[in-house]
Each structure stands twice: as structure tokens, then as C-alpha cells.
Amino acid sequence: MFPNLEKLQLLECASIKKVVCCNNKENPIELVNSSFESCTDLQELYGNFIITGEKVFYQCSNLKLNLDRTKDFSEGANVTNISFQEGLLSGYNTFYGCSSLNIEAFRYLMNRLPDSIVTMESMFSGCGNIIGEINRGLLNKCKNVDTLKDAFSGTGLFGAIESRRENYSIDDETTWGFFDYVPNLTSLERAFSGTDVEYIDEKVFEPVLNTLVNIDYCFSNCYNLRTVKDSNAIVKETAEFSTRTFFTQLTKLVNNMGYPVDVFSGCQFVRMKVDVDA
């Protein structure tokens, strides 16, 4: 127990397995850049912490965080509370390679992101034990995020990335699509690569048509991905996309003369017609 600790940095302490700190609601312990980077044997972490830097849990492959998302703050000993500093701009590599992190911890953390976050590059990349359905409001704390590069690659997220509903209204959040929550988004490079995402329709990028500049490898190796007529439908009907209507609407793309690289590489169920005059 460290009763008066203000911040932690245990970079590359590969043999440490358990850290127990005070669970003081008023005085969270600061986790700075690379606080636990490459602490590969770290399994348990208890106390109240606030993330203020990048790469905090980078490659903590054995870390299991027991986080209760039903509570604003968990009281007592042998519990964990994690928040993010207000004004934090970057989640770069924060949980990269945390392959023991589960879906409950993931949802807890996503729900506590400050709206100041601008980049989530590689934030949860390689977290293969995050197995759960993508929900429409997953990014509801991310209104200022401009890059999701590699953010969820290698996770076990599955389900549909839903587009806007037919009765879409900017004033009715229940009609929004997945990407309506990130109106400043510029990069989806490898964002969902290697995940279990299952369905998208041709309108998936509609909310960010005028901001996206990079979708290279976005869905590469999503072996279960299918193109469907309506991602919101209860019964999903297979559909064939057209390069004319899918890619050329993304007017800001910067690579390969306006066409992205290997967006659907390895996606055997994706159906797309190449229009040579597109």
C-alpha cells in the first residue's frame, strides 16, 4: 500500500504482478506517460487512478481490470477506479496489447473518456479479449476525435456498424449512425482490421463524407464482414456495393488517386462492383 502516492511510473517492471494503492475519491493517483509500459506480468491493479498520459498500459498483456461500470465510484479496498484527465488530448497506445482486458472493462473506459480526446490511435489495438457487440453509441464521448487509426484493430468486437436510420434527424440521437458521434473524423486507417465486425451498408460513412481522408485497411481481415442493404434491419439482406456510390462519395481521400488501399482485403463475403467510369 502506498498511502501518499501522487503518481506512478513503473516502466518495464516486467516481474511486478500486483499493485495496491489508496482508493481515495478526492485524490486519484496520476498515471503518466508509460506508467506501466511493458509490465508484462502485471495482473492486478487496485486503487483510484487518473490517466494523464499516453502508453499507460502498453503491452500489459496479463492485466485484468475489475471495473464496475454501474457505479460512478467504487468504494472500499481491492477495487479499481479509473478516470481520464479533463483536457486530455491523446489516448495513443493507452491499452495497446492488453490482451486480457475484457468487454466490461472496455465499456467502462469508453464511457469515461473526456470529450477533449482528439486521437485514439492504437488505443485498444491487440486487445483480443474485448469480445462483444458494437453498439451504436460506442463513440458517444468522442465528439472531438479526429483519428481512430488502429483504435480497435485485433479486438473481438462484432455485429453491425450501423448507418443512419431512414428517419434520420440531427436532433434525434436514436436515428444517428455509428459515425455521427465523430463529426471531425479524418482517419479510420486499420481501425477495425482483424475484428469480427459483421455488417456494413453503403451509407456507413455518410456522417463523415466530408472529413475522412484515410480509410486504408479499415476492414482488412474482417473475415465475417458482409455487405448488406440495411445495417439497421433485423434480418440483414446481402447487397452488392458499387465503387461509384461507395468510394467516390468520400471526396477527401488522399491515397491512390482517391481510392483507398485494401479496405476490404481478406473479406471474402464483401460484394462490390467496380465501375470503371466511377
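Up top is the structure.
Keep in mind the model is a prediction, meaning the values are calculated, not measured.

Draft legend 1. Representation of the pattern of salt bridges within the structure. Evaluated as defined, the whole model comprises eleven salt bridges. For the salt bridge of lysine 143 with aspartate 115, the shortest nitrogen-to-oxygen distance reads 3.8 Å. Of the two residues, lysine 143 sits in the loop between strand S6 (131–133) and strand S7 (156–160) while aspartate 115 sits in the loop between helix H1 (103–111) and S6, which places them 28 residues apart along the sequence. Taking the relative accessible area as the measure of exposure, lysine 143 reaches 45% and is therefore partly exposed. In this structure, arginine 190 engages aspartate 150 in a salt bridge whose closest nitrogen and oxygen atoms are separated by 2.9 Å. Residue arginine 190 is found in the loop between S7 and strand S8 (196–200), and its partner aspartate 150 is found in the loop between S6 and S7; the two are separated by 40 residues along the sequence. Judged by relative accessible area, arginine 190 falls into the partly exposed class, the value being 26%. What makes aspartate 150 buried here is its relative accessible area of 10%. Through salt bridges that share partners, Glu121, Lys149, Asp150, Glu189 and Arg190 make up one connected network.

Draft legend 2. Quick peek at the pairing of S8. Bridge analysis of S7 against S8 gives three bridges, and the strand direction is parallel. Paired with glycine 159 across the strands is valine 197, a residue of S8. Sheet topology places S8 next to strand S9 (residues 226–227); two bridges connect them, and they run parallel. Bridge pairing links tyrosine 199 to arginine 226 in S9.

About the cut-offs
Residues numbered from 1 in each chain as written. Predicted model: local features only at pLDDT ≥ 70, side-chain atom pairs only at ≥ 80, totals over all residues. Heavy atoms only, no water. Salt bridge = Lys/Arg side-chain N within 4 Å of Asp/Glu carboxyl O. Helix = DSSP H or I, 4+ residues; strand = E, 2+ residues; numbered from the N terminus. Buried < 20%, exposed > 50% of the residue type's maximum accessible area, 1.4 Å probe, protein only. Pairing = 2+ DSSP bridges.

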